Amino acid sequence: EEQRRGAGGGSRFEASGLSLEQRADLARADRWAAAPQQPGCQPGGELGGDIELDFTVAGTSTTVEKKYLRLTSAPDPRTVRPEPLLKQAIDRVRGRLIEFGDERGQEQYIYLWEQMKSVRQDLTVQRIRNDFTVGVYEMHARICLEYDDQAELKQCQAQLQQLYEEGLGSREGQREFLAYSLLYNVGKQADNNVADLMKDLSADDRSDKYISHALQVRAAAQLGNYCAFFRLYSDAPGHSGYVMDTFIGRERFAALRRICRAYQPSVPLAAVSDALAFDDAAECGEWAEDHGATLAEERSYLDCKASKGQLVEHSIAAKREEERKAAERRAEATGGLKGWS
């Protein structure tokens, strides 16, 4: 199973407002931007999803790996891999995941993204919809969770929902991804969505380790029980921790405020670090200071009394960086206007 990111997670790539697919498309734009859209070849939705054809292709390619390019014309069967070869391609991706180990930056993800997208494309143009197809989308969705690619994750989730509704895939897989949906909506504080997801849960569903964990997270978050919440975060099954990473910062800040009110005048930083599921006290101290907290006694204690009135939910460092960039843009704009005078 793919390794878990460090506690607290976040996007591994610079926030650009574009998905990885959009950035990759821009980088390759000169290759095919001028190519006309051909009849029978339709884009798969506004998020750039998998291609939809008016006919079925029977692939004859013997190449295991291939790069992904969005189709702008009818695919050549000689470039499309049949299902047995696609299974080999997925096995190779699994092997590369193991080889990557902890080295999982943008270069590694671009490889994974291209290979998974090309497999999905070959499945789609051949209209292969079976349990293997479900496994491919589940695998890609887990990779997206690890690398925080929300745009691609939404595509995988949409396809999985359709495949599950067709009766494909295992009940275990369906429960796992239902749990991820529950956690995602808990993070968004979308109570109505959570209620809709919960209303059809059977007793067997609720006893599933993924769903049971998600329901416990929901209860802990609603009650403000940060001790239980962060224990559940530390013991999250599968990729549940990656979903919780999307709202862990908010829960940590709420817990920090409670701690500062309850433990005056001060509390050992190591105790705070353990309570909030940080890797170590140093990481916890840096995070707390970035939200306005004051440390004391050679950074070994959280000064709750001094911190209580000056905590801020946003990252101070991130706000300063935004202000610096905004000042640079204003200076550039002013300089440009002076050039016109």
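Rules of the game
- Residue positions are given per chain, counting from 1 as you read along its sequence in written order.
- Local features are withheld for residues below a pLDDT of 70 in this predicted model, meaning they are given only at 70 or higher, and side-chain atom pairs are given and counted only at 80 or more; totals for whole chains, interfaces and linings count all residues.
- To get the side-chain values, take all heavy atoms of the structure and skip hydrogens and water.
- Helix and strand labels come from DSSP, where a helix needs a run of H or I of at least four residues and a strand needs a run of E of at least two; each type is numbered from the N terminus.
- Only protein chains enter the accessibility calculation, which uses a 1.4 Å probe; a residue whose area is less than 20% of its type maximum is buried, one above 50% is exposed, and one in between is partly exposed.
- What makes two residues a contact is simply this: any of their non-hydrogen atoms within 4.5 Å.
- Reported accessibility uses the Shrake-Rupley method at a 1.4 Å probe radius. Residues are deemed covered only where the shown protein chains occlude them.
- Among buried residues, those of type Ala, Val, Leu, Ile, Met, Phe, Trp, Tyr and Cys that are joined through side-chain atoms within 4.5 Å constitute a nonpolar core.
- Pairing of aromatic rings covers Phe, Tyr and Trp, the last counted by its six-membered ring, and requires centre-to-centre distances within 6.5 Å; plane angles under 30 degrees mean stacked, over 60 mean edge-to-face, and any other angle means tilted.
- Both a distance and an angle decide whether a charge sits over a ring: NZ of Lys or CZ of Arg must be within 6 Å of the ring centre and within 35 degrees of the ring normal.
- A pair of strands is labelled paired if DSSP reports no fewer than 2 bridges between them.
- As a rule, the C-alpha atoms of each element are fitted with a line to give its axis, helices using only the stretch in contact, and angles between N-to-C directions run from 0 to 180 degrees.
- Roughly parallel covers angles under 35 degrees, roughly antiparallel covers those over 145, roughly perpendicular covers 65 to 115, and oblique covers all other angles.
- Rotating anticlockwise by less than a right angle from the far helix to the near helix defines a left-handed crossing, while the corresponding clockwise rotation defines a right-handed one.
- Any carboxyl oxygen of Asp or Glu within 4 Å of a side-chain nitrogen of Lys or Arg constitutes a salt bridge here.
- Residue-level confidence of the predictor, termed pLDDT, takes values from 0 up to 100.
- We call a pair of cysteine sulfur atoms a disulfide when they lie within 2.5 Å.
- One less than the number of residues in a helix, times 1.5 Å, gives the span that helix is expected to have.
- Polar contact criterion, stated in full: a pair of N or O atoms within 3.5 Å, where within protein one must be able to donate a hydrogen and the other to accept it, and residues adjacent in sequence count only if both atoms are side-chain atoms.

1. Observations concerning the overall build of the protein
So, point 1. Looking only at helices and strands, one finds 17 helices and five strands in the protein.
So, point 2. Of all 341 residues assigned to the protein, the portion counted as buried reaches 45%.
So, point 3. By sequence separation, contacts in the protein at least 24 residues apart represent 65% of the contacts at least 6 residues apart.
So, point 4. Only carbon and sulfur atoms are counted for the fraction: they give 49% of the accessible area of the protein, which is about 18,000 Å².

2. Things to note about the environment of alanine 306
So, point 1. For alanine 306, the location among the structural elements is in helix α16 (residues 304-307).
So, point 2. Its relative accessible area of 34% is what places alanine 306 among the partly exposed residues.

3. Let's talk about the nonpolar core
So, point 1. Ranked by internal contacts, the top residues of the largest apolar core, which has 79 residues, are Leu112, Leu276 and Leu302.
So, point 2. Per-element accounting of this core gives the leading share, 10 residues, to helix α5 (residues 131-147).
So, point 3. Beyond its immediate chain neighbours, meaning those up to four positions away, leucine 112 contacts Val93, Leu97, Phe100, Ile143 and Tyr147.

4. Re the packing of aromatic side chains
Aromatic rings considered in pairs are described by the distance between their centres and by the relative angle of their planes.
So, point 1. Under the definition given, this model contains eight aromatic pairs.
So, point 2. With a centroid separation of 4.7 Å and an interplanar angle of 20°, the aromatic rings of tyrosine 109 and tyrosine 147 are classed as stacked. Here tyrosine 109 is found in helix α4 (residues 106-125), whereas its partner tyrosine 147 is found in helix α5, with 38 residues between them in sequence.
So, point 3. By relative accessible area, tyrosine 109 is classed as buried at 1%.
So, point 4. The exposure class assigned to tyrosine 147 is buried, which follows from its relative accessible area of 1%.
So, point 5. An aromatic cluster is present here, built from Phe177, Tyr180 and Tyr210 joined pairwise through their rings.
So, point 6. For arginine 96, the ring lying beneath its charged end belongs to tyrosine 111, and the centroid distance is 4.4 Å.
So, point 7. A cation over a ring is seen here: arginine 252 above phenylalanine 278, with NZ or CZ 3.8 Å from the ring centre.

5. Some thoughts on the sheet that holds strand β5 (residues 301-303)
So, point 1. A sheet is described by the order of its strands in space; here three strands give the open sequence β3-β5-β4, paired in antiparallel fashion. If you trace the sheet from one side to the other, it starts and ends with β3 (266-268) and β4 (295-296), each paired once.
So, point 2. With two bridges connecting them, β4 and β5 associate as antiparallel partners. Each residue of the ladder has a partner; that of alanine 296, found in β5, is tyrosine 301.

6. A short note on the packing of α4 against α5
So, point 1. Put simply, α4 and α5 touch, their axes get as near as 11 Å, and they point 155° apart. When the interaxial angle is binned, α4 and α5 end up roughly antiparallel. Between α4 and α5 lies a crossing of left-handed hand. For the pair α4 and α5, contact is made by Gln108, Tyr109, Leu112, Trp113, Met116, Lys117, Val119, Arg120, Leu123 and Thr124 and by Phe132, Thr133, Val136, Tyr137, Met139, His140, Ile143, Cys144 and Tyr147, respectively.

7. A look at the pattern of salt bridges
Side-chain pairs of opposite charge can arise whenever the charged atoms involved come near each other.
So, point 1. Counted according to the given criterion, the structure contains 16 salt bridges.
So, point 2. Here lysine 66 and aspartate 122 are joined by a salt bridge, their closest N and O atoms 2.9 Å apart. With lysine 66 in the loop between β2 (49-53) and α3 (83-100) and aspartate 122 in helix α4, this residue pair connects regions lying 56 residues apart in the sequence.
So, point 3. Residue class for aspartate 122 comes out buried when judged on its relative accessible area of 1%.
So, point 4. For the salt bridge of arginine 175 with aspartate 205, the shortest nitrogen-to-oxygen distance reads 2.7 Å. Taken together, the residues span a long stretch of sequence, with arginine 175 in helix α7 (residues 171-187) and aspartate 205 in helix α9 (residues 203-207) at a distance of 30 residues.

8. Let's talk about the confidence of the model for the protein
Low-pLDDT portions of the prediction should not be read for the details of their coordinates.
So, point 1. Looking at the protein, pLDDT values average 86 and 82% of them are 70 or higher.
So, point 2. The secondary structure element of the protein with the lowest average pLDDT is helix α2 (residues 29-32), at 38, and the one with the highest is helix α11 (residues 226-234), at 98.
So, point 3. In this model residues 5-17 is a low-confidence stretch, pLDDT under 50, and it forms 31 contacts with partners more than four residues away in sequence or in other chains.
So, point 4. pLDDT under 50 marks residues 26-39. Its contacts with residues more than four places away, or in other chains, come to 18 contacts.

9. Thoughts on the state of the cysteines
So, point 1. This model, assessed by the stated rule, comprises zero disulfides.
So, point 2. The cysteine cysteine 144 is free of any disulfide, with cysteine 156 supplying the nearest cysteine sulfur at 4.6 Å.
So, point 3. On the basis of relative accessible area, cysteine 144 is assigned to the buried category, the value being 0%.
So, point 4. The thiol sulfur of cysteine 260 is not disulfide-bonded, and the nearest other cysteine sulfur, from cysteine 304, lies at 4.6 Å.

10. Brief notes about α5
So, point 1. Its 17 residues place the ends of α5 25 Å apart at the C-alpha level, agreeing with the 24 Å of an ideal helix rising 1.5 Å per residue.
So, point 2. Within α5, 15 of the 17 residues are buried, leaving the element largely enclosed by the surrounding structure.
So, point 3. Where α5 starts, the residue carrying a side-chain oxygen 3.0 Å from the main-chain nitrogen of phenylalanine 132 turns out to be asparagine 130.
So, point 4. Remark: aspartate 148 follows α5 within two positions and exhibits a positive phi of approximately 55°.

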